[in-house]
Structure formats: C-alpha cells, structure tokens
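What follows is each chain in one-letter form.
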Amino acid sequence: MSSSKHLIKTLIKNPTRIKSKYQAKQLHAQFIRTQSLSHTSAAIVISVYTNLKLLHEALLLFQTLESPPVLAWKSVIRCFTDQSLFSRALASFVEMRASGRCPDHNVFPSVLKSCTMMTDLRLGESVHGCIVRLGMDCDLYTGNALMNMYAKLLGMGSKISVGKVFDEMPHRKFDSEEVDDNGKSSHFDGSSGSYRVATESVESVMSCSEDLQAETCVGYYNGSRVNALSTLPLGIDSVRKVFELMPRKDVVSWNTIIAGYAQSGMYEDALRMVREMGSNDLKPDAFTLSSVLPIFSENVDVTKGKEIHGYAIRKGIDADVYIGSSLVDMYAKSARIEDSERVFFHLSRRDSISWNSLVAGYVQNGRYNEALELFRQMVTAKVRPGPVAFSSVMPACAHLSTLHLGKQLHGYVVRGGYSDNIFIASALVDMYSKCGNIKAARKIFDRMNVHDEVSWTAIIMGHALHGHGHEAVSLFEEMKRQGVKPNQVAFVAVLTACSHVGLVDEAWGYFNSMTKVYGLNQELEHYAAVADLLGRAGKLEEAYDFISNMRVEPTGSVWSNLLSSCSVHKNLELAEKVAEKVFTIDSENMGAYVLMCNMYASNGKWKETAKLRLRMRKKGMRKKPACSWIELKDKTHGFVSGDRSHPNTDRINEFLNSVMEQMEKEGYVADTSGVLHDVDEEHKRELLFGHSERLAVAFGIISTEAGTTIRVTKNIRICEDCHVAIKYISKITEREIIVRDNSRFHHFNHGSCSCGDYW
C-alpha cells in the first residue's frame, strides 16, 4: 500500500486528528490525487470540514454530489445549526427527506435544536412526528434533544400539552445535554433559557436533605401542596415522566429533575431527589449545588445554606462561579450581606451572574451606594451589563433620588440596545418616578409596545406618589380594560393613589374587590393604605376601629401613620390611645415619641412633654434631625435646620431675605404654630426661616439658570409653613420646585402644589 493511501486510511479511522484547515485540504487533495473520492469519502471530507466549522468548503464539496449520503447531510445540517443558520438547517433537512434519504439518529438532534432556537414549537412537533414514524424515538440523543426542545419552548410551568411523545418513547433519558466537539456537556437552565457547563463532581449527597421523608413524594408548587399523583405544571411533569421511565440515569439526568423541581417551587421534592441521587451512588456536582441553594434563599434558611457552603469548601468547589453566585444570592436574601461579599471576592472568576447577584444583594439590604459602586466596577471589569444588571441597579438610583446617575444608566441602556426590553423599561419607569421626573416616566411608559402588570403598577404608583391620584385611578381602570389582571402590588398602588387625593368610596370599592372579584387576600400593605386613607380624610375614629379589627396583626408603622393623622387633625385624646398601641408594639419607635412630644407642646402640656423626653433619654433615644438635600452637577448638597456650614450660606440667606419681602407683599404670613419651642414670635419666625427644605430650595435657585426645575428631598414630612412658603417662592421665581418628603412628591408651580393642600 502506498504511503498516501496508508495516510488516508489512518485519517479516515481517526478524523479528529485533523486540527486545521490546511490538514483538511491536504486530506481532500489526497483523495483527489489517488482518484478515491467516492460519495463515501467525500462525506468523510465534508464531515472533517464541518468539524472545523469550514462551512464554505463543506458546501462546495457537498454541491458536487449528485446523491449525498446521510453522513454528508448530517454534517451540513449540524454545521448550519452550530453557526446559528437555523432556517437553512431546517431547509436542508426538508431537502434531504425530499431526496429520499432516510435520516438516522445523528441528524435529529441538530434539527430539533434549530426548531428550539427558532422558538417554533409547531415545527418541532412536526419533526417529532417524523421521528416517531421512523422509529428514532428510542435513541437517547434524539430523546435528549426532544426533552430540551420541550423544556425550553414549554417551560417548567407551561399549560400547553406536548401530546403523546413521552408515553411513546420506550427508552429515554432527559438530561438536557448537548455534547460539543470537545466532549464537554452542558446543562439547560429552564429559568433563564441558558446553558451552564458542568464542572467537577462532588463525592456525597448533601446532609441537609436527610430530614425529608423518602417514602413520600410531596412538594409545593406556587405555595400549594401537591403530591406526585396530582396534576403538575406540564413542563416539570413531562420531565418527571421521562426521568421515571429512563432505564439509566447519570448526574446530568438527576440535575435536570432537581433543577426542574426547584424552579417549579417544589422544594421538598427537589431535596428528596438529591438524597435519592446519593442513594444511587451518584455524586452531586457543582450544578446540583447551584440548583438547590436558591431553595434556601427563598425560605431564608441560612443554616442549611451554610451546610451546603461548608460541603462545597470541603470538596474544593466553593470557588466555582455558579456555586459562588448562588451563595452570594442566598446570603444576601438572608440579610448576611458581609458573607455575600466574602464569597464574591473569593471567586477566582466572576461572570455577569455573580456580579448581578451582589448588586441585587446590596439593593435588597439597603446598601444603595455600594450597589452603584459595584456596578461601576462591573463595567470597568469589562463585564457587559445585561437586562438583569440594569433591573437590579436602577432601584438604587430610585431610593437615593440620584437622577443624574439614573439618566446615565438610561443612556447606557439605549447604547446597549435594551430600550425595548420590558423589564428594563419598567425599571426605568419606576426609577424616574421615584427620582421626581414623572413626565419622563410616563414618556417611557407610553412608548412601550407591551405593558405587563409590572409596568402598569410602576406608572400607577408613580402618579400616586406625585399627587396625580385621579390619573393613577384612570390608569388602573385602563389596565383592567386591556385585560391585565391587577395583582396585590397593583392594588397597593391604586389604594395609595386614593389615599393621596381622598377618594374614600373608590378605595373601599377596590379594597373589597380584591377578594370578591379577583380572589386576592388583603395583606398588611392594603390594610395600611386604607387606614392611611381614613386618617388623611379625618375619619380618625373609623381608622382606629379599622386597624383594631384588621385580619392581620397591625405593625407599629400602621399605628404611627394614624398617630400622624391625629397630629394633623389635632386630636390629642385619640393620639394618646394610638401612641400606647405604638409603644406596646414598637417601644423604640422614635417618630411616635417625637409626634407626641410635639402634640403635648402645641397644647401647652409641658409636664407631659418633659416626661416623654425623660423616657426617651433613659432609652438612649435621640431625635433624628430633619435634613434635606439637593443634587447639582453630580454632587449632593445636604442641609439641616439652621445650617450655616455650607460655603454659600451668605448667598442663601441673602436670597431668602430678598424673597421674603416679596412673599410678604404677596400676602404670606408665617405660621409659627408648628414651632414647639418656648421662645418669642420673632425667634420662631427665624427658626422657620432656617428650615432645611428652604435652605436647599434657595441654594438650588441661586445655583442654576432661570427656569431650571429644582428637586429637593427631605427625610421627614415637609412642615406646613414651608409648604406655604415654597408655593410663594415658586410663583415669585417662576420655577417648578419638586420636594420629595417621606411619603410623597410635592410639585410646586405658579403658586400651587400638586397635592392640592391635601397631605
């Protein structure tokens, strides 16, 4: 045998030895030179070309064949699929069938993947029918591809039937596994539609699942108890049927069913399967651990989560990026953000999921500045933020009222091409609303092609907080007309809107419709909104009775809101009863002590005031100072009452003195009834003059061009006299002034406020 023929024979037996385009072309040339380029050998060369992703070369040779063999068709179809040319892959499959060639089990995985990536379930079902007719449904890889397609296109919670495929496959294994050219396997993550590469194995089943009863098959789906014989969501039910009929199961198979149960909320079943996995002499790997850790996140069971963490450390896989991301999330949801940080910074490699987990963890735990700083580090580290990252970080801007940072994020979203993403758009609506720019929020909402319950709720709550209660109610009704069923959060939003404009009858209608029309339970937030509504409307006794007879136990904050209403409506007798309720539930509630001290002082009851203040001192309680801040040129300026520390104090006072003269000419008279100090009237007026919100507004006006909107945030309720004064200032300076206090936004313009003086 000549050396050329010997070389060809050797390479044909082991074509994977060909690693480059040059070597592939040499093989092709040898076939031509030796005149041995038959249909079979041509198919082998095509296979080599496609293995190297040389689609052009493969097609040139393929098109010379009058009747390509199955291997050639398989290679071309697979190459089209690998290069995301899914429609061409399917067209080639149709052409192959038309030519009379019968596809073997190697063809269908690529065809099914193309159907999956094109999200065409109907086409996939047609291919499935072809598979059944040809008897290929017994093939493991074909079965895996079918399971992968149905898992992705139906999802774990789908209500769509998949027909009889699962009952007709006698030999199947759903491991959602695809094997690449290097022999590595990847697992389908049903919750995100993504794949994760399996990493090192671990040696034994987790001890934390030992408390589950092996003889039962009981779990939970969306909070409802179910067992194995009950109707499950078709996604997980289909996976379970396949799993139970599999004659052989590997780690990936077990991981799939475990992840499926976990993603469907059936946590006990997921942990039971982990234990059974160990009983079958299979070792949980990194993917197993990352699947079950979210269970402890949802149940805030940090003890069992720490057991998993310890297990991962002992097995040396704690630095795995997927386990690490799950641990970061678990610790954050358990309010152990320092542990989240330690896990994150221990990771040798961080992907977008791990970055997003810590950003979200910071936001969940009120660490907004740290969330924004970490997001900056993420961008600096060349990790491209995606929709989840933006949705996680935007609430930090909303809570800090950092409009300029929110605008920067919005710009990043536009440049990244995410403007049409419904989750990001909803987050932008919420961010702009809470940063005081309801016009921008509404503009984004109106431009959205599709509105879901999240976007509707965001814009309804936005208008509610900005004093546009009637508009918020109108939007709520429009949402219902468009067929979007309001959820519990949407009802909180519309009840808040009613509260801010005094729509008592409408609020009762919405509150009662929750159970009668929509089958939703009223939670604490809904009761709190109605109680606040009654208090604001001056129906104090009705509010007291309502809170006393709530279906859920009232918190100190619910009673505190009524106490605030008692203060506004000057009902000291009821305030004393309410205060005792607050002190019983929340003895450290500083706001309640301050309100009662102020009410006693305003009624001249100095003895009672002194007693309360002594009680506060014994408890080591100190009144939180009122402060306001304004953001100008990427810098935040803070002020407290009587503040003279700001570099521009002289200019601020000069402006206030000047505008005060004009205000008095317009009819302004200082209301000193809210100044609860035993001093003369002149001193009281001076104290009002130095309130933090006035200082912040004055600084904003002298530091910006005429016509610029002024945005100020205050940590407590704006005082009544400042509310009146800022109305005058807005008229005199011809500025829109937006003040966000601890409950709502006040838009001052042309001498009036958006709240209509109902606050």
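Residues numbered from 1 in each chain as written. Predicted model: local features only at pLDDT ≥ 70, side-chain atom pairs only at ≥ 80, totals over all residues. Heavy atoms only, no water.

Peer 1: An account of the packing of aromatic side chains is requested, with residue identities and associated values reported.
Peer 2: Scanning the model with the defined rule gives 20 aromatic pairs in all. Ring centres of Phe62 and Trp73 lie 5.0 Å apart, and the angle between their planes is 80 degrees; this geometry places the pair in the edge-to-face category. Taken together, the positions of Phe62 in helix H4 (residues 55–62) and Trp73 in helix H5 (residues 70–82) put the pair eleven residues apart, joining distant regions of the chain. Taken as a pair, Phe62 and Trp73 share a single burial class, namely buried. Aromatic side chains Tyr544 and Trp559 sit 5.4 Å apart centroid to centroid with 55 degrees between the ring planes, which places their arrangement in the tilted category. Of the two residues, Tyr544 is situated in helix H29 (residues 540–548) and Trp559 in helix H30 (residues 556–568); the sequence distance between them amounts to 15 residues. (Phe/Tyr/Trp six-rings, centres within 6.5 Å; stacked < 30°, edge-to-face > 60°. Helix = DSSP H or I, 4+ residues; strand = E, 2+ residues; numbered from the N terminus. Buried < 20%, exposed > 50% of the residue type's maximum accessible area, 1.4 Å probe, protein only.)

Peer 1: Before we move on, can you summarise the confidence of the model for the protein with the specific residues and values?
Peer 2: Where the model shows low pLDDT, its predicted coordinates should not be examined in detail. Put simply, the protein has an average pLDDT of 82, and 83% of its residues get 70 or more. Every residue in residues 156–231 is under pLDDT 50, and counting partners more than four places away or in other chains gives 207 contacts. (pLDDT = per-residue confidence, 0-100. Contact = heavy atoms within 4.5 Å.)

Peer 1: If you had to explain the pattern of salt bridges to someone new, which residues and values would you point to?
Peer 2: All told, the structure shown has 20 salt bridges when counted by the stated rule. A salt bridge links Arg367 to Glu370, with the shortest nitrogen-to-oxygen separation between them at 2.8 Å. In this structure, Asp430 engages Lys434 in a salt bridge whose closest nitrogen and oxygen atoms are separated by 3.3 Å. Of this pair, Asp430 and Lys434 are both found in helix H22 (residues 422–434), four residues apart, which corresponds to roughly one turn of the helix. Classification of Lys434 by relative accessible area gives partly exposed; the value is 23%. A single salt-bridge network, built from bridges that share partners, covers Glu338, Glu341, Arg367 and Glu370. (Salt bridge = Lys/Arg side-chain N within 4 Å of Asp/Glu carboxyl O.)

Peer 1: Which residues make up the pairing of strand S9 (residues 737–740), and what are the values?
Peer 2: Neither face of S9 is left uncovered, since the one carrying Ile737 and Val739 and the one carrying Ile738 and Arg740 both have all their residues buried. Here strand S8 (residues 710–714) pairs with S9 via four bridges, running parallel. Bridged to Thr713 within S9 is Arg740. The parallel pair S8 and S9, bridged by helix H37 (residues 720–733), forms a crossover whose chirality is right-handed. (Pairing = 2+ DSSP bridges. Right-handed = clockwise from strand over helix to strand, strands pointing away.)

Peer 1: Provide a residue-level description of the nonpolar core, including the pertinent values.
Peer 2: Counting residues in each nonpolar core, the largest one holds 135 residues, and the members touching the most others are Met394, Leu562 and Val578. Among the elements that make up this core, the one with the highest residue count is helix H32 (residues 590–602) (eight residues). Once residues lying within four places of it in the same chain are set aside, the contact partners of Met394 are Leu409, Val413, Ile424, Ala427, Leu428 and Met431. (Core = buried A, V, L, I, M, F, W, Y, C linked by side-chain atoms within 4.5 Å.)

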